[in-house]
2 protein chains.
Amino acid sequence: MEKEFSRIGILGGGQLAKMSAYYAFRLGLDISILEKSLNSPAGMMTKNDFEGWVNDDKIMTEFAASCDIITLESEFIDSNRLLFLEKLGKIVLPTSKTISLIQDKYIQKSVLKKANLPLPDFTEVISIDEYSNTVERLGLPFVLKSKKLGYDGYGNAVIRNESEFKESYNILIKRHNSLYAEKFVNFTKELAVLVVKNSFQTLTYPVVETIQENNICKKVIAPANIDVEIMNEAKKIAIESINAVEGHGIFAVEMFLTNDKQILINELAPRPHNSGHYTMDACVTSQFENHIRAVLDLPLGDTSLIYPYAVMINLLGKKNGKGNLENYSEVLKEPDLHLHIYAKADSRLGRKMGHITITGNDLEDILNRAEKIEKIAMI
Amino acid sequence: MEKEFSRIGILGGGQLAKMSAYYAFRLGLDISILEKSLNSPAGMMTKNDFEGWVNDDKIMTEFAASCDIITLESEFIDSNRLLFLEKLGKIVLPTSKTISLIQDKYIQKSVLKKANLPLPDFTEVISIDEYSNTVERLGLPFVLKSKKLGYDGYGNAVIRNESEFKESYNILIKRHNSLYAEKFVNFTKELAVLVVKNSFQTLTYPVVETIQENNICKKVIAPANIDVEIMNEAKKIAIESINAVEGHGIFAVEMFLTNDKQILINELAPRPHNSGHYTMDACVTSQFENHIRAVLDLPLGDTSLIYPYAVMINLLGKKNGKGNLENYSEVLKEPDLHLHIYAKADSRLGRKMGHITITGNDLEDILNRAEKIEKIAMI
């Protein structure tokens, strides 16, 4: 007998799609995956595994026909390609419009500024001759950024003088043909807030602290050790940011907390986010389940922490080679550790290969134990 | 590049295989499924979806070649067919020997009795002429049972007089050609304990109360409202039972608590169990993850409850038709409800189609809310 279950199409088959899929399955749903190669982390979990990418009309049409509703795991998909799916009659969430307001960071900042939200000063950089103009506007140092396709430090450069400016300009312009600059922010903490929205509810997850190493998210501590006023302010800013881009689904809002306790928005991500992986093991409802619920316009689940503290640490590739964890037995020695391995075919130095979460009453204890396990994990 | 991840083969593709698969995926592993038809609840989650059943040497050989280690979701697979896989050089857990000691309930009871474990008196019933012998041995009423293939009340009959005996004998003997009888137990509660074992660790989950309706598990309350001495005794009996059958993997031990506070073993299940579904949302490590860990001989995860109470209620089919939930929006109105739908193609009256779990501090509140939701769920 034919099954009649909603099938969620996900553009991309990486770890965010994989973890979203767990919760689609739990709810009795099915998935379709579009990815550049078959048997991606999410693609291995379904027969509806489409090989190709978003620029190919034919595969996009086949993919769209296989599913009832479409979402994504990356903001790098050209919003025009989402529009293509919408024109096929598909619901895409977040919408092509939301993505068009987020994926170009200069547009994103302009939208947030127009909504009177707090963010570092920024300005367009049209040519390599604009060093003096930029310094005049933002002071020194400032951050030169690609308008699109920047992530984990790629596409960004801190500029302290004109020669750094020229060098970075020439490198960044090869990545993407349009740049802008932001005022450099001295911050005491980086914070992140997840916002999940359907057509009738908006919820936030706890404000967390994210700790980057080499420009990549390494650790997340939930909740962030900040005053309750700052927490509430961060949540308010996060919700208003997602309203400004007409968001539907799950979104992360990354923020700086400055020395003088000001919150400034760093950037938005229109998808489940690394800063929310801890929710799978530490909150009543995971970010991934709430994303699926939001996309289907179902009532959202409780976003509360179920423990006083949670620590998430990414397992970044320590070698170039196979993507499997070599020492499960050692890693699983902590009986309350939650281990997640993404089943990527290949590991590379610094690549996100998995993560661990520990929860508890004593932040120092769980942080120490998580750090010890991260050190020994061979992947 | 070829992936090198352990692939767990599961004989059967129902809800127990499906929920086990979630945790295999979380750990970065892969699955193979053998089931009578393709796209079963678990089979839909993999390309390694084998159509056929255990009596077919050819499909069993192909299935075995596709995976590194094999487990099962039902004790009804003839242990000789597991032996067939073992002779192909595969590790099967639980082993064919363990299954041979469990799947014939008369043998199971004999093994437990030999290990001096408490259970109701029982005796073989060789022919339809043995009514008087049986009454003499067990008193009235007694329970006539199939030695094999009994579940959810199928294969059992309560006998109060000779005509009931003859009628039931003739019905049961058609199901399986060998019967036995057990003393009828007046119990105050039915309890269940999960035991998980690898080669170097044995853990138990909390003792739960199971509430049956029409011989099918309907509700589970964790922990059971019983004295701590009885709890400890139940755990001790459970561990000794699994030792007696040389268990490896996860096992459920179902027990009766009698009026005079005696514990008597009802039966063993060599697999994840309905009485442990609550562990996914209420314990540090779910029964399914610990099953996967045990099968791979990895360290086991913490089995503790993370809330004072959890209530699980099965969603049993309320109609004959499609297997999808018709009213997600209504069911998900309780924000702390955990909903699981198994994605079975067809619903039938009384069939296990999904389950819900609610956790909290106030048992009466969560039980009331869960019962209300169960009533309205249309599946």
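About the cut-offs
By convention here, each chain's residues receive numbers from 1 onward along its written sequence. Chain labels run from A onward and ligand labels from 1 onward, assigned in the order the entries are written. The predicted nature of this model means local features are confined to residues of pLDDT at least 70 and side-chain atom pairs, given and counted, to a pLDDT of 80 or more, with totals for whole chains, interfaces and linings taken over all residues. Only hydrogens and water are set aside when side-chain values are computed; all heavy atoms of the structure are taken into account. Nine residue types can take part in a nonpolar core, namely buried Ala, Val, Leu, Ile, Met, Phe, Trp, Tyr and Cys, and a core is a set of them joined through side-chain atoms within 4.5 Å. Each residue is placed in one exposure class: buried if its accessible area under a 1.4 Å probe, protein chains only, is under 20% of its type's maximum, exposed if it is over 50%, and partly exposed if it falls in between. Only heavy atoms enter the contact rule, under which two residues are in contact if any of them lie within 4.5 Å. By convention in these notes, a salt bridge is any Lys or Arg side-chain nitrogen within 4 Å of a carboxyl oxygen on Asp or Glu. Polar contacts, as counted here, are pairs of nitrogen or oxygen atoms within 3.5 Å of one another; within protein the pair requires one atom able to donate a hydrogen and one able to accept it, and residues that are adjacent in sequence qualify only if both atoms are side-chain atoms. Put simply, DSSP H or I for four residues or longer makes a helix, DSSP E for two residues or longer makes a strand, and each gets a number counted from the N terminus. Each residue gets one of three labels, nonpolar for Ala, Val, Leu, Ile, Met, Phe, Trp, Tyr, Cys and Pro, charged for Asp, Glu, Lys and Arg, and polar for the others, Gly among them. Nonpolar side chains (Val, Leu, Ile, Met, Phe, Trp, Tyr) within 5 Å and like charges within 9 Å form the patches, drawn only from residues with over 30% relative accessible area and no salt bridge. Here, Shrake-Rupley sampling with a 1.4 Å probe gives the accessible areas, and only protein chains in the shown set may cover a residue. Residues reaching a pLDDT of at least 70 in both copies supply the C-alpha atoms on which the copies are superposed by least squares. Under the pairing criterion, centres of Phe, Tyr and Trp rings, with the six-membered ring standing for Trp, must be within 6.5 Å; the plane angle then separates stacked pairs below 30 degrees from edge-to-face pairs above 60, leaving the rest tilted. Any Lys NZ or Arg CZ that is within 6 Å of a ring centre and within 35 degrees of that ring's normal is treated as a charge sitting over the ring.

Grouped together as the largest cluster of nonpolar side chains are 94 residues, with contacts concentrated most on Tyr328 and Leu339 of chain A together with Tyr328 and Leu339 of chain B. Ignoring any residue separated from it by four or fewer positions in sequence, one finds Leu339 of chain A in contact with Leu315, Leu325, Tyr328, Val331, Leu332, His355 and Ile356 of chain A together with Arg26 and Leu27 of chain B. Counting 29 residues, the second largest nonpolar core, distinct from the first, contains Ile102, Phe122, Val245 and Met255 of chain B.

Quick look at the interface of chain A and chain B now. Between chain A and chain B, the residue contacts involve 51 residues of the former and 51 residues of the latter. Arg26 of chain A is the partner of Asp281 of chain B in a salt bridge, and the nearest nitrogen-oxygen pair spans 2.9 Å. Between the two partners, chain A and chain B, sit 22 residue pairs in polar contact (both at pLDDT 80 or more). At the level of elements, α1 (15-26), α11 (328-331) and β17 (338-341) of chain A are the ones that each hand at least two residues to the side of chain A that touches chain B. A class-by-class count of the residues in the side of chain A that touches chain B yields 23 nonpolar, twelve polar and 16 charged.

A cluster of nonpolar side chains, contributed by Phe76, Leu149, Tyr151 and Tyr154 of chain A, occupies part of the molecular surface with about 370 Å² of accessible area. Following the sequence through the fold, Tyr154 of chain A ends up in the loop between β6 (142-146) and β7 (156-159).

As a further point, take the relation of the copies chain A and chain B. Expressed as a screw operation, the relation of chain A to chain B combines 0.0 Å of axial shift with a rotation of 180 degrees, fitting to an RMSD of 0.0 Å. Interpreted geometrically, this transformation is the action of a two-fold axis. Most of the interface of chain A is mirrored in chain B: 100% of its interface residues are interface residues there too.

Applying the stated criterion across every chain, the model contains 17 aromatic pairs over all chains. Relative to Phe122 of chain B, the ring of Tyr106 of chain B has its centre 5.6 Å away and its plane inclined at 75 degrees; by these criteria the two rings are edge-to-face. One end of the pair, Tyr106 of chain B, is in helix α5 (residues 105-114); the other, Phe122 of chain B, is in strand β5 (residues 122-125), and 16 residues separate them in sequence. Taken together, the aromatic side chains of Tyr131, Phe142, Phe165 and Tyr169 of chain A make up a single cluster linked through ring pairs. Positioned above the aromatic ring of Trp53 of chain A, the side-chain terminus of Lys36 of chain A is 4.6 Å from the ring centre.

Take unusual backbone geometry next. Cis geometry is adopted by the peptide bond preceding Pro141 of chain A, which originates at Leu140 of chain A and carries an omega value of -15 degrees. A cis amide bond, omega 0 degrees, links Leu93 of chain B with the succeeding residue Pro94 of chain B. The topology assignment puts Pro94 of chain B in the loop between α3 (79-87) and α4 (96-102). Backbone geometry at Lys261 of chain A places phi at a positive 60 degrees, although glycine is not the residue there. Tracing the backbone through its elements, the reader meets Lys261 of chain A in the loop between β13 (249-258) and β14 (263-269). A relative accessible area of 53% means that Lys261 of chain A is categorised as exposed. Phi at Asn116 of chain B takes a positive value of approximately 60 degrees, unusual for a residue other than glycine.

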